[in-house]
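# Structure assessment
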Amino acid sequence: MNARNDVKKPFDQSLDARPVLAAARRRFAARVDLLVARWLERCATNAEAAQRLLRTDRKPTREFGMGVSPVVSSPRWDDSP
């Protein structure tokens, strides 16, 4: 009886790397898709926050109270020499 014939040796098996590489590529592509989707979501959130900050429909604030302007026009400034 020869026991060595019953044991499968690694070099006897078919070593086709294509399915393994294809699965690895799919996992990598799925991971990249997930990371890009998260990044785009953060960009959209930041853009929305920036738009809220830069809206021009807010009421103007009165820094000097009662609408008094700090700039006083003078006729002398309007005349050119």
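Everything here concerns the structure above.
Everything in this summary refers to the structure shown in the same document.

Here is what the cut-offs are and how they apply
Residues numbered from 1 in each chain as written. Predicted model: local features only at pLDDT ≥ 70, side-chain atom pairs only at ≥ 80, totals over all residues. Heavy atoms only, no water. Helix = DSSP H or I, 4+ residues; strand = E, 2+ residues; numbered from the N terminus. Areas by Shrake-Rupley, 256 points an atom, 1.4 Å probe, with all protein chains shown as cover. Patch = residues over 30% accessible without salt bridge, like charges linked within 9 Å, V, L, I, M, F, W, Y side chains within 5 Å. Salt bridge = Lys/Arg side-chain N within 4 Å of Asp/Glu carboxyl O. Buried < 20%, exposed > 50% of the residue type's maximum accessible area, 1.4 Å probe, protein only.

## A closer look at the overall build of the chain
In terms of helices and strands, the chain carries 2 helices and 0 strands. Counting every atom, the chain has about 8,600 Å² of accessible surface; 58% of that belongs to carbon and sulfur.

## As for a nonpolar patch on the surface
Together, Phe 28, Val 32, Val 36, Trp 39 and Leu 40 make up an exposed nonpolar region whose accessible area comes to about 500 Å². When you line up the elements, Phe 28 lands in helix α1 (residues 18-53). Under the relative-accessibility criterion, Phe 28 is labelled exposed at 59%.

## Notes on the pattern of salt bridges
In this structure the tally under the stated criterion is 1 salt bridge. One salt bridge in this structure joins Arg 18 and Asp 16, with 3.1 Å as the shortest N-O distance. Its relative accessible area of 63% is what places Arg 18 among the exposed residues.

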